[in-house]
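Structural overview
What follows is each chain in one-letter form.
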Amino acid sequence: MNNLTKVSRRRFLATTGTGIFGLSTFGCYKSKPHLEDKDRPTLHRPTGMDDAAWADVRAQFILDPSIIYMNNASLGMPPAIVAEAVAAGYKAVSREPSRGKHDLSEQISQLVIPGLSRLLGTNANEIALTRNATEALHLQAVGLDLQPGDEVIFTTQEHPAGLRPWLFRADRHGIKATDIFVPSPLKSEEHLIGLFENAITPRTRAIAFCHVTRGGHLYPVKKLSEMARNHGLISLVDGAQAVGMFPIDLHDLGCDAYSASLHKWLLGPVGTGVLYISESARQHIRSAYAHDGTLDSPAFAPPGTADLPLRAGISAAISFMETIGLDNVELRTRYLSDYLKEQLSEMNGIKLLSGGTLRTSCPGSTIFEVEDVDAIKIVSTTNKMHSIHIDEHKRDGHNAIRVSTHIYNTKTEVDRLVEVLQGFI
Ligand SMILES: Cc1ncc(COP(=O)(O)O)c(C=O)c1O
């Protein structure tokens, strides 16, 4: 490592908080890195949208150069700095558990919680760390005060993680779980709001919906939450596909609860998530953990010994994203998915299901059908024969494929995917 690289890496680590463990613990990759650690450039905010402007960002990832990874909506690819932070955390608890636990806990309370509340526009006391979005979604649903016969409305586009807690409550607590059919692509924000509004009955107590669906449809969280408030309803949001893809301000959006993964678009350590319960909603959503949780001390955070190295490693992901800027992430992911959509729309035999407007489609994920070809077959052949990782989206009666491109993907990779897809038509 030359001196210049050492200094710039040290500065970056100091700002990420991963520097807490010192440089000596870094650089322990198991798989072959694309770039050697010493060759990785200092991270800067990119100034353009094309691949050249993002080459230094791409170089921050360990990336297997023989694979094109476009399944970020399933699991994001953490940058090297995140992998290093987690490895350093494990070394710290393995070297001396008490001190390691203390240092990691401090890092979580001083960097991770404040960083996440900054990133999500919340108060620090409104968020709790979880293992994933599923855990957070379960907690926000089972904590909601509901009587037998009370109704919750959600959509047919929920992920099973957002759906199952309501089925559980219907089964165990006698609530009414009502789904409304939402078509793909979304017709408009107004249409979606109308679907919810028309379904409300005198027994409705809450609505639950995604910020971005599994298929990449973007919901108008602010308008839906406002509509819910006007009807005296609680709004509960699944943000698993949204956090890390574009800027989010939860106080401005005005929803009562919000659950998200941090290992998808935020590129955090695998097995990390977050639960937000607004201060004003605490009286309606009680802790599922502590019978004596109070409004001042709501006890939403899953108790017990936690995966401290993973949680502490979230600070590296936050700082990585803040250096690049989430506004920039949004533009870059939109740039790549627009490029993909442009090419798909020129191909015969392709039906795009992702909405055509900025308001109804998210920046990063694109879904489409290839006429008369099974999506699962395409995904598995593309993976096995061409080393391109994409996902299927066989839901709501669709036979679709999902391509989720993140900041490090390139137009050349999109071209390669399109070339492979041509082979199925
Ligand atoms: C919309 C949505 N909600 C929830 C989840 C579950 O996320 P996690 O695996 O972090 O629990 C997913 C995962 O793909 C998702 O797409």
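For every chain, the first residue of the written sequence is number 1, and numbering continues from 1 along that sequence. In keeping with the model being predicted, local features are shown solely for residues with a pLDDT of at least 70 and side-chain atom pairs are shown and tallied solely at 80 or more, while totals for entire chains, interfaces and linings include all residues. Only heavy atoms go into the side-chain values, all of them from the structure, while hydrogens and water stay out.

A separate point is the packing of helix H11 (residues 326-345) against helix H13 (residues 411-422). Interaxial angles span 0 to 180 degrees and are taken between N-to-C directions of axes, which are lines fitted to C-alpha atoms, for helices over the stretch in contact. Strands here mean DSSP runs of E at least two residues long; helices mean DSSP runs of H or I at least four residues long; both are numbered from the N terminus. Between H11 and H13, the least distance of the axes is 10 Å, while the angle of their chain directions is 25°. In terms of orientation, H11 lies roughly parallel with respect to H13. Two packed elements cross with a definite hand, and for H11 against H13 that hand is right-handed. Two secondary-structure elements touch here, H11 through Tyr 335, Leu 336, Tyr 339, Leu 340, Gln 343 and Leu 344 and H13 through Lys 411, Val 414, Asp 415, Leu 417, Val 418 and Leu 421. Gly falls in the polar group here, along with every residue not listed as nonpolar (Ala, Val, Leu, Ile, Met, Phe, Trp, Tyr, Cys, Pro) or charged (Asp, Glu, Lys, Arg). Across the contact of H11 with H13, the residue classes tally to nine nonpolar, one polar and two charged. Here is the rule for angles: anything less than 35 degrees is roughly parallel, anything more than 145 is roughly antiparallel, 65 through 115 is roughly perpendicular, and the remaining ranges are oblique. By definition, turning the near helix anticlockwise from the far helix through less than a right angle yields a left-handed crossing, and turning it clockwise yields a right-handed one. Residue contacts are counted whenever heavy atoms from the two residues lie within 4.5 Å of one another.

In this section: the pattern of salt bridges. Salt bridges are counted wherever a side-chain nitrogen of Lys or Arg sits within 4 Å of a carboxyl oxygen of Asp or Glu. In total, this model carries 18 salt bridges according to the counting rule given. Residue Asp 391 pairs with Arg 214 through a salt bridge whose shortest N-O separation is 3.4 Å. Residue Asp 391 is located in strand S12 (residues 391-393), and its partner Arg 214 is located in the loop between strand S5 (204-210) and helix H8 (221-230); the two are separated by 177 residues in the primary sequence. If you follow the salt bridges from partner to partner, you end up with Asp 150, Arg 203 and Arg 205 in one network.

A few words on the environment of Ser 354. Locating Ser 354 in the fold gives a position in the loop between strand S9 (350-352) and strand S10 (365-370). Residues contacting Ser 354, with those up to four places away along its chain left out, are Pro 185, Gly 215, His 217, Lys 341, Ser 365, Thr 366 and Ile 367. Within polar-contact distance, the side chain of Ser 354 engages the backbone nitrogen of Ile 367 at 2.7 Å. For the purposes of these results, a polar contact is taken to be a pair of N or O atoms within 3.5 Å, where, inside protein, one atom must be able to donate a hydrogen and its partner to accept one; residues adjacent in sequence count only when each atom of the pair is a side-chain atom.

Between the rings of Phe, Tyr and Trp (Trp by its six-membered ring), a pair exists once the centres lie within 6.5 Å; its type follows the angle of the planes, with under 30 degrees stacked, over 60 edge-to-face, and the other angles tilted. According to the stated counting rule, one finds three aromatic pairs in the structure shown. Centre to centre, the rings of Phe 61 and Tyr 408 are 4.5 Å apart; their planes meet at 55°, and the pair counts as tilted. Pair noted here: Phe 61 is in the loop between helix H2 (55-58) and strand S1 (68-69) and Tyr 408 is in the loop between strand S13 (400-404) and H13, with a separation of 347 residues, a long-range link. Accessible area is worked out with a 1.4 Å probe on protein chains only. A residue is then buried under 20% of its type maximum, exposed over 50%, and partly exposed in between. We classify Tyr 408 as buried; its relative accessible area is 1%. Geometrically, the ring pair formed by Phe 196 and Phe 209 is edge-to-face, given 5.9 Å between the ring centres and 65° between the ring planes. With Phe 196 in helix H7 (residues 189-199) and Phe 209 in strand S5, the pair connects residues that are 13 residues apart, well separated along the chain. Take Phe 196: its relative accessible area is 0%, and that puts it in the buried class. Classification of Phe 209 as buried rests on a relative accessible area of 1%. Grouped by ring-pair contacts, the aromatic residues Phe 61, Phe 320 and Tyr 408 constitute a single cluster. Against the face of Tyr 339 rests Lys 411, its NZ or CZ located 4.6 Å from the ring centre. Geometrically, a lysine NZ or arginine CZ counts as sitting over a ring once it is within 6 Å of the ring centre and also within 35 degrees of the ring normal.

So, on to the nonpolar core. The definition of a nonpolar core used throughout is a set of buried Ala, Val, Leu, Ile, Met, Phe, Trp, Tyr and Cys residues joined through side-chain atoms within 4.5 Å. Ranked by size, the top nonpolar core spans 70 residues in total, and within it Leu 116, Phe 196, Ile 248, Tyr 258, Phe 320 and Ile 407 carry the most contacts. Broken down by element, this core gets its largest block of residues, nine residues, from helix H10 (residues 308-324). Where a domain begins and ends is set by an automatic assignment or by a domain database. When residues of this core are assigned to domains, at least three fall in each of domain 1 (106-317) and domain 2 (327-422). Those residues in contact with Ile 248 that sit more than four places away from it in its chain are Leu 119, Leu 120, Gly 121, His 211, Ala 242, Val 243, Leu 253 and Tyr 258.

Moving on: the site of the ligand. Nearness is judged by heavy atoms alone; a residue qualifies as near a molecule or strand once a single heavy atom is within 4 Å of it. Contacts to the ligand come from 14 residues, most closely from Thr 134, Asp 238, Gln 241, Ser 261 and Lys 264. Note that an oxygen atom of the ligand is positioned 2.8 Å from one of the side-chain N or O atoms of His 263. One of the side-chain nitrogen or oxygen atoms of Lys 264 is found 2.7 Å away from an oxygen atom of the ligand. Expressed as a share of its isolated accessible area of 390 Å², the protein-covered part of the ligand is 88%. Here the shell around the ligand is built from residues that sort into five nonpolar, six polar and three charged. With residues, only the protein chains shown are counted as cover, and all accessible areas are computed by Shrake-Rupley using a 1.4 Å probe.

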